[in-house]
Amino acid sequence: MSFSLIIQYLFSGITSGGIYAIVAIGFNIIYNTTGIINFAQGEFVMLGGMIAITLCHYMPLSAAVACAVAITALVGAFIDFVFIRWLKSPTVLQMVIITIGLSILIREAALHIWDEKVRSLPCFTGNEISSIRLLGAYISPQVLWVLATCAAIVICLNLFFSYTLTGRSMRACSANRTAAALCGINVRNMVTFSFMISAAIGALAGCVVSPIAQTHYDCGTPLAIKGFTVAILGGLGNSTGAVAAGLILGIIEAFSVSVLPMAFKDVIAITILLLVLFFRPTGLFGSRETGALREF
Amino acid sequence: MKLHSLLSAAVMVCFVAGTAMAQTTAKPAAGAAAGAADTAKKTTATTVKAAETSAKTAAAPAKPAAGAAAGAADTAKKTADTAKKAAVAPAAPLPEVPLKAGDPIKIGALFAVTGGASNLGTPEQKTAEMLVEEINARGGIKGHKLLLLIKDSGSDPQKALSLAKQLIEEDRVFAIIGPSTSGETMAMKSLCDQTKTILISCAAADAIVSPLAPYVFKTPQKTSDAIKKIFGEMKKMNITKIAVTSSNTGFGKDGKAQLEKLAPESGIEIVVNEVYEKEATDLTSVLTKVKAANVQAVVNWSIEPAQAILAKNMKQLGFTIPLFQSHGFGNIRYAKEAGEAAEGIIFPAGRLLIADVLPQTNPQKTLLLKYKKDYETKYKEDVSTFGGHAYDAIALLEKALGTATAIEKEKVREALEKITGFVGTAGIFNMSATDHTGLDMNAFEVLTVKGGKFAVYGGK
């Protein structure tokens, strides 16, 4: 394999890895507050993309993305307000079933609001065919947007969860609901807030990914499966880990294509993931101590 | 071990199993097969019939396009064989309900309105509704109005099969239009034939009409003709080494198999042959492999949105070789989706997409312009070849109902076989007792994308 070919596979891995990573980050927020996985996360990604595409006809791209993020955050809050807030002490299983149900509901609603057609946002820079030539290989500028967005989200989240009162309160809710409530934290508001952040991040992911991966009412689930896989691989609750794991998975997949038929791509990636989980059940970057304290 | 790790491991195992099944081409629909087996185990009279039907479907043609049906049938067959001894003859035709004066003629319409093939099923459904409305406004056929019963198969062959049973046994329909995809059609081919229900499919795979089933017809052009048309173009361009990419669906598999079969005859060598998931979000890795192989052209066979992604990725990676697509590219939506990257894509398609620029002398021109205008004014969206397949199906049925000596299934079936020189959206139909498509290579025109619009490909 020539050098430029190796670089090309690497870039291709970064492209799909970036998509996995940005979807995976969203899973971590709700997990960090409630200790559950939101199975409707993929639908937030889809909603963000679809809303931005619709608004794009009436306003500039950046405004459309901002509005889409805000609207999806409101949808997230609404979902929590209507379906989750009233549960006294939700168990893991209850929450899983509720969120799976919600994902079906949102998907069907999207089918009726829009239609079955595939759409995509215009590329943020350049157009469909522009690419950057680097070391004899090509990469789409949109991929750089995805990576930059990932980095920005991770930095902001880390600052938010470590240094702000709200962020620390949210983490406290996840560690121990009762203790957090006894300390005067309004657990329910924190959960609503986490749904809003998570929906907003999902929507942002949906917008930056749309020019590459396209958006339609049913695109959330396949994205969420990969995102969920990556979130586990990186260690649940760890956003930096999610990004690293996403890129690792993407690159492994890309290189596997060079030697084996593409049909085996997922098999290889998931086998590696399984091996990691056998030896490090908390994921590559999750710590064993925190893992041991968690219910799920 | 903690619950956390147990749960995540369990989820992963399920996921791997799922992916492995979907990906390994040898067992296309092991998941569906398991489902069919479960159902068959319940062994009520109806489910046994269903299992038998699907077993036969696959056993008879054994073509790759049978896709999901073939997988399901293998398992279902075993269960059915054991159950067969105990009960039931093959699905027998129900006695035909005689049509009284003024009774409507019930037509079942089975389309993939949702799911992966929804961009096929939706225009088909809309077209069918429009055309039936039009026929009824004209006073129907021989004093009978048409009654269209539309069902959504969700692009799922198993669901299509059970809906077909419902249409035949409960609604007692006269004929069925659809389904939209090859996999779905193959799942119900023998059911329709055994129950003597006329089926006019809107799906393309050759396996639907070969081997021939007396009651099964189809309106889209043949896959093999599309490939011959592409190979003909390649010959003119002196292309001998190609890469083939196809999606993991009934249509993709049928195309892949036919490409493999027809390439040696045309002196073309397939150097890279890759299958991708229909939900693929990025195909640069597989294209890197294509790039390393130094081929002269890429042929892609799919009906999914991924065909726009492939086009974009090719341009991003700096490919200069031509991209050939299947007739599944015949929806302007995909060209718009791929934007700049769609320019120069070469694909065979019916003349509907270029109705405006056809010469006045073309016999199809008047019909194509009428359908295009009617559809676009009614639904405010661009017409696609898929809707055209439903148009042809209903128009052919209307013609046969009109010419048949009596409105009885066997008479109408015979009338269908006798239709010649019939101008449809896909081409000029010349049906016969041995040809239930009635279209030849002339139905295709080689098209390209120019300035975001479909245009006739002039050659290089």
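What you are looking at is a predicted structure, and each value in this text was computed from that prediction instead of being measured.

Participant: Is there a simple way to explain the packing of aromatic side chains in this structure?
Facilitator: Two measures describe an aromatic ring pair: the distance that separates the ring centres and the angle between the ring planes. Residues and elements named next belong to chain B. Going through the model one piece at a time under the given rule, you end up with 15 aromatic pairs over all chains. Summarising the aromatic geometry, the rings of F251 and W301 are spaced 6.1 Å apart at their centres and angled 20° between planes, so their arrangement reads as stacked. Taken together, the positions of F251 in helix α9 (residues 250-262) and W301 in strand β8 (residues 297-301) put the pair 50 residues apart, joining distant regions of the chain. Just as F251 is buried, W301 falls in that class too. Three or more aromatic residues joined by ring pairs make a cluster, and in this case those are F329, Y334, F347 and F454. Above the plane of the ring of F319 lies K291, whose end atom (NZ or CZ) is 5.7 Å from the centre. Taking the ring centre of Y215 as reference, the NZ or CZ of R413 above it sits at 5.4 Å.

Participant: Sorry if this is basic, but what is going on with helix α11 (residues 265-279) of chain A here?
Facilitator: Because each turn of an α-helix spans 3.6 residues, side chains separated by three or four positions end up pointing in the same direction. Residue and element names in this part refer to chain A. Its 15 residues give α11 an end-to-end C-alpha distance of 22 Å, which sits within 8% of 21 Å, the value for a rise of 1.5 Å per residue. Residues of α11 that are buried include every one of K265, D266, A269, I270, L273, L274, V276 and L277, and no others. Along the long axis of α11, the arc covered by the buried residues comes to 160°, so they all point the same way. In α11, the exposed positions that point more than 90 degrees away from the buried face belong to F278 and F279.

Participant: What am I meant to see in unusual backbone geometry here?
Facilitator: With the exception of glycine, the majority of residues adopt a negative phi angle, and the majority of peptide bonds are in the trans configuration. Residue and element names in this part refer to chain B. A cis amide bond links G178 with the next residue in sequence, P179, at an omega value of -5°. For P179, the position within the fold is in the loop between β3 (175-177) and α7 (182-194). For the bond from S210 to P211, the omega torsion is 5°, close enough to zero to count as cis. Position of P211 relative to the elements: it lies in the loop between β4 (198-201) and β5 (216-218). Here K380, not a glycine, exhibits a phi torsion of approximately 55°, which is positive. Along the chain, K380 turns up in the loop between α13 (365-379) and α14 (385-403).

Participant: Can you walk me through the pattern of salt bridges in this structure?
Facilitator: Pairing of side chains with opposite charge becomes possible as their charged atoms draw close. By the definition in use, this model includes 24 salt bridges over all chains. Between B:K236 and B:E233 there is a salt bridge, with the nearest N and O atoms lying 3.2 Å from each other. Of the two residues, B:K236 and B:E233 both sit in helix α8 (residues 223-236), 3 residues apart, roughly one turn of that helix. The exposure class assigned to B:K236 is exposed, which follows from its relative accessible area of 65%. On the accessibility criterion, B:E233 (9% relative accessible area) is buried. Across the pair B:E417 and B:R413 runs a salt bridge, and its minimum N-O distance is 2.9 Å. You can see B:E417 and its partner B:R413 sitting in helix α15 (residues 409-417), 4 residues apart, about one turn around the helix. With a relative accessible area of 13%, B:E417 lands in the buried category. Residues joined by salt bridges that share partners form a network here, namely A:D115, A:K117, A:R119, B:K126 and B:E381.

Participant: Hey, could you run me through the side chain of B:E274 in this one?
Facilitator: Mapped onto the elements, B:E274 comes out in strand β7 (residues 269-276). Of the residues examined, B:E274 reaches a relative accessible area of 4% and is grouped as buried. In this structure, B:E274 is in contact with A:L260, A:P261, A:M262, A:A263, B:V244, B:T245, B:S246, B:V286 and B:K289, ignoring residues within four places of it in sequence.

Participant: Help me understand the environment of B:F454 in this model?
Facilitator: Take B:F454: it is sitting in strand β14 (residues 453-456). Judged by relative accessible area, which is 11%, B:F454 ranks as buried.

Participant: Mind showing me how you'd approach the packing of helix α1 (residues 3-34) of chain A against helix α5 (residues 141-163) of chain A here?
Facilitator: The description of two packed helices rests on the angle between their axes and on the distance between the axes. All names here are of chain A. At a minimum axis distance of 9 Å, the contact between α1 and α5 shows a crossing angle of 25°. The pairing of α1 with α5 is recorded here as roughly parallel in orientation. Like other packed secondary-structure pairs, α1 and α5 cross with a definite hand, here left-handed. Contact residues: α1 offers I14, T15, G18, I19, A21, I22, I25, I29 and N32, while α5 offers V143, V146, L147, T149, C150, I153, V154, L157 and F161. Looking at the contact of α1 with α5, its residues break down into 14 nonpolar, 4 polar and no charged.

Analysis parameters
- Residues numbered from 1 in each chain as written.
- Chains lettered and ligands numbered in written order.
- Predicted model: local features only at pLDDT ≥ 70, side-chain atom pairs only at ≥ 80, totals over all residues.
- Heavy atoms only, no water.
- Phe/Tyr/Trp six-rings, centres within 6.5 Å; stacked < 30°, edge-to-face > 60°.
- Helix = DSSP H or I, 4+ residues; strand = E, 2+ residues; numbered from the N terminus.
- Buried < 20%, exposed > 50% of the residue type's maximum accessible area, 1.4 Å probe, protein only.
- Lys NZ or Arg CZ within 6 Å of the ring centre and 35° of its normal.
- Expected span 1.5 Å × (residues − 1).
- Arc of directions from axis to C-beta.
- Salt bridge = Lys/Arg side-chain N within 4 Å of Asp/Glu carboxyl O.
- Contact = heavy atoms within 4.5 Å.
- Axes fitted to C-alpha atoms, helices over the stretch in contact; angles between N-to-C directions.
- Parallel < 35°, antiparallel > 145°, perpendicular 65-115°, else oblique.
- Left-handed = near helix turned anticlockwise from the far one by under 90°.
- Nonpolar A, V, L, I, M, F, W, Y, C, P; charged D, E, K, R; others polar.

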